[in-house]
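# Structure assessment
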Amino acid sequence: RLGGDEFVVLLSENQSAEDAAHTAEKILSVLAAPHSIGQQQLHITSSIGISTYPNDATDAESLIKNADTAMYLAKEEGRNNYQFFHHEMNIHAVERQLIEAHLRTAMENSEFILHYQPKVDLQSGRITSAEALIRWQHPAWGMIMPTRFIPVAEACGLIVPLGRWVLLQACAQAKRWENCGYALDSVAVNVSALEFRRKDFVDSVESALRVTNLNPQNLQLEITESVLMRDAQASATILQQLKTLGVQLAVDDFGTGYSSLSYLSQFPIDVLKIDRSFVQDIHNSNGIIVSAVIAMSNSLKLQVIAEGIEETVQLEFLRAHHCSEGQGFLFSQPVSAQNFTNLLRSGISSPINTLYQATGSLG
Ligand code: C2E
Ligand code: CA
Ligand code: CA
């Protein structure tokens, strides 16, 4: 026993990596069996990292350290699995530690900023709403995109204060646009798994709405399909509480998360966002997934938004199949609040409208 709940197994007879994998599988399956303690049935999960001699290290200390690094990846991959160590993991682990250390001070130093990407009515080209997307302006590293720091913030719990900040900023911005006479249908905020499952999440949404005096209908929460399906029963309860507040609910990255359709029809959701990968695949697949999701959304009376529209042919396809809204670089990258205001202000002369004048006859 190395300490706490960590154990080391030394496989001295093993000849190959496959042998180690085989042993890891046996350990996982034995530990997965329920334990009867008193009247209770307890379940534990385990995560295993494997490093091999002499490929990964030639001394005991480094072998254990590398196995430890691989174990953290196993935990991130959802536990109850094993991972082999790769040298890139060390580079990755160092980067993550560095990001985590800087994230802790970034909040205090106001280094975060929200950008907004327009969602567009595909028939008219009108901007209907916005999605708030966080960026980190590091004084030395420059602009850091969320895919690099959100997973780190989730792993160390910093996503909770960060998520609260995003909610408050986005609601305040939505109210500002409303006050300027640019009432959008909604401003959307992405919600991470950790936030969504916290007991006080519904309260923090309510508080952001109260503080900013934003109408709940003008806030949309985007939750990924995979987060919703991880524990569908519990998700249904949380969604119901959020719905009671009056906010709009969207399923993000739809098509990638193995939805159970029976749950989907029970969830009180308003919007399905078709994942970018399916939109990008329209020309290879004749858009069969996209058209199926649009048809399904119509039957379930859900609004449907196509993500990641980059090409005019994709836009044409989506319009022809009556997809109501879309989002993508073809219309606009995510931009600062100021530039988003300019997009709203420029109205008929905006790049989106110019695009619509060019493609207007295709719809
Ligand atoms: P997402 O929610 O799926 O957001 C859409 C991502 O696709 C954004 O990347 C956006 O810039 C990008 N995108 C939009 N249109 C196009 C397009 O036409 N082509 C391509 N290739 N990409 C396009 P971004 O801003 O880097 O955000 C990445 C992810 O980070 C988001 O994915 C979301 O999961 C997460 N994220 C961003 N902001 C927040 C936040 O405030 N809170 C949380 N929890 N997660 C966030
Ligand atoms: Ca999103
Ligand atoms: Ca998405």
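These numbers were taken from a predicted model, which means no experiment stands behind them. Each residue is numbered by its place in its chain's sequence as written, counting from 1. The order in which chains are written sets their letters, starting at A; the order in which ligands are written sets their numbers, starting at 1. With pLDDT at 70 or above as the cut-off, local features in this predicted model cover only qualifying residues; side-chain atom pairs require 80 or more to be listed or tallied, and sums for whole chains, interfaces and linings still use all residues. Side-chain measures here rest on the full set of heavy atoms in the structure, leaving out hydrogens and waters.

### Let's talk about the coordination of the calcium ion (ligand 3)
Note that water is not among the atoms considered, so a metal site may appear incomplete; the donors listed are N, O and S atoms within 2.8 Å of the metal, with 3.2 Å applied to Na, K and Ca. The protein atoms that coordinate the calcium ion (ligand 3) are Asp252 (OD), Asp253 (OD), Glu307 (OE) and Glu307 (OE), at distances of 2.2 to 2.6 Å. A distance of 4.0 Å spans the gap from the calcium ion (ligand 3) to the calcium ion (ligand 2), which aspartate 252 bridges by coordinating each metal. We classify aspartate 253 as partly exposed; its relative accessible area is 25%. Here the term buried applies to any residue with accessible area under 20% of the maximum for its type, exposed to any over 50%, and partly exposed to those in between, with areas from a 1.4 Å probe on protein chains only.

### Details of the domain arrangement of the protein
The extent of an interface is frequently quoted as the accessible surface area lost upon association of the parts. Segmentation of the chain into domains, including their bounds, is taken from an automatic or database domain assignment. Entries for the protein in the domain assignment read domain 1 (17-86) and domain 2 (110-359). Between the C-alpha centres of domain 1 and domain 2 there is a distance of 37 Å.

### Some thoughts on the coordination of the calcium ion (ligand 2)
Ligation of the calcium ion (ligand 2) by protein atoms is provided by Glu131 (OE), Asn190 (OD1), Glu222 (OE) and Asp252 (OD), these donors lying 2.2 to 2.3 Å from the ion. The class of asparagine 190 is partly exposed, set by a relative accessible area of 28%. Residue glutamate 222 is classed as buried on the basis of its relative accessible area of 1%.

### Observations regarding the pairing of strand β6 (residues 127-138)
In this text, helices come from DSSP runs of H or I with a minimum length of four residues, and strands from runs of E with a minimum of two, each type numbered from the N-terminal end. A large share of β6 lies buried, amounting to 11 of its 12 residues. DSSP calls a pair of strands paired once it identifies at least 2 bridges connecting them. Across nine bridges, the pairing between strand β5 (residues 112-121) and β6 is antiparallel. Residue pairing across strands places valine 120 opposite isoleucine 127, the latter belonging to β6. Remark: five residues form the turn of the hairpin made by β5 and β6, two consecutive strands paired antiparallel; glycine 125 in that turn has positive phi of roughly 85°. Relative to strand β8 (residues 186-190), β6 runs parallel, the two sharing three bridges. Bridge pairing in β8 links serine 129 to serine 186.

### Let's talk about helix α7 (residues 201-212)
When the terminal C-alpha atoms of α7 are compared, their 17 Å separation across 12 residues agrees well with the 16 Å that a helix rising 1.5 Å per residue should span. Among all positions in α7, only Phe201, Val202, Ser204, Val205, Ala208, Leu209 and Thr212 are buried. Any two residues having at least one pair of non-hydrogen atoms within 4.5 Å are treated as being in contact. Its buried side turned inward, α7 meets α5 (159-179), α6 (193-197), β9 (219-224) and α9 (232-245). Within two residues after α7, asparagine 213 carries a phi angle of roughly 60°, on the positive side. For a helix, the expected span equals 1.5 Å multiplied by the residue count minus one.

### Structural notes on the site of ligand 1
If even one non-hydrogen atom of a residue comes within 4 Å of a molecule or strand, that residue is called near it. In the neighbourhood of ligand 1, 23 residues make up the surrounding shell, with Arg135, Asn190, Arg276, Glu310 and Phe329 lying closest. One of the backbone N or O atoms of isoleucine 134 is found 3.1 Å from a nitrogen atom in ligand 1. Contact with the protein chains hides 84% of the accessible area of ligand 1, taken as 800 Å² for the molecule alone. Counting residues per element, the ones that place at least two in the shell around ligand 1 are β6, α4 (146-155) and β10 (248-254). Broken down by element, the residue count for the shell around ligand 1 peaks at four residues, all from β6. Only Asp, Glu, Lys and Arg are considered charged in this grouping, and only Ala, Val, Leu, Ile, Met, Phe, Trp, Tyr, Cys and Pro are considered nonpolar; every other residue, Gly among them, is considered polar. Taken together, the residues of the shell around ligand 1 sort by class into nine nonpolar, six polar and eight charged. Two N or O atoms count as a polar contact when they lie within 3.5 Å, although within protein this holds only if one can serve as hydrogen donor and the other as acceptor, and sequence-adjacent residues are included solely when both atoms are side-chain atoms. Residue burial considers only the protein chains on display, and all accessible areas are found by Shrake-Rupley using a 1.4 Å probe.

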